[in-house]
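Report on the structure
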Amino acid sequence: MNRTGKYTVVKACNDHGAVTLREYPRNETLHVVEYDDPEVEAELSDLDSGSVVELELRSTGRRGNAWCAESARAIDGL
């Protein structure tokens, strides 16, 4: 399962590399727990709570709300 969209950072990247997001502007919560490459991980790791980011995600298959980030682009001005 894949999805693309805009997400608001609820909890910034923790010590385990996980980021909690809320689908923008809806309220579905999901967790990014894996990354396709270090650049994507760095992009998400630099974001603070409240930041909006456009992501391409794929399900990790472990849990219903755990995702792998395939690409990330911070959105300014939302």
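Since we're looking at a predicted model, the values are computed, not measured. (Residues numbered from 1 in each chain as written. Predicted model: local features only at pLDDT ≥ 70, side-chain atom pairs only at ≥ 80, totals over all residues. Heavy atoms only, no water.)

1. Considering the environment of Val9
Within the secondary structure, Val9 is located in strand 1 (residues 2–11). Exposure remark for Val9: the relative accessible area of 3% places this residue in the buried category. Taking C-alpha positions, Val9 is 7.4 Å from Leu47, a pair spaced 38 residues apart along the chain. When residues no more than four places from it in sequence are discounted, the contact partners of Val9 are Val19, Thr20, Leu21, Leu47, Asp48, Ser49, Gly50 and Ser51. (Helix = DSSP H or I, 4+ residues; strand = E, 2+ residues; numbered from the N terminus. Buried < 20%, exposed > 50% of the residue type's maximum accessible area, 1.4 Å probe, protein only. Contact = heavy atoms within 4.5 Å.)

2. A look at the side chain of Thr8
For Thr8, the position within the fold is in strand 1. Residue contacts for Thr8: discarding those within four places in its chain leaves Thr20, Leu21, Arg22, Tyr24, Gly50, Ser51 and Val52.

3. With respect to the pairing of strand 2 (residues 19–23)
Of all 5 residues that make up strand 2, 4 are buried, and the element is covered over most of its length. Relative to strand 2, strand 1 runs antiparallel, the two sharing 4 bridges. Counted as the bridge partner of Thr8 is Arg22 from strand 2. Where strand 2 lies against strand 3 (residues 29–35), 4 bridges are found, and the strand directions are antiparallel. Directly across from Val19, in strand 3, lies its bridge partner Val32. Between strand 2 and strand 3, which follow one another and run antiparallel, lie 5 residues. (Pairing = 2+ DSSP bridges.)

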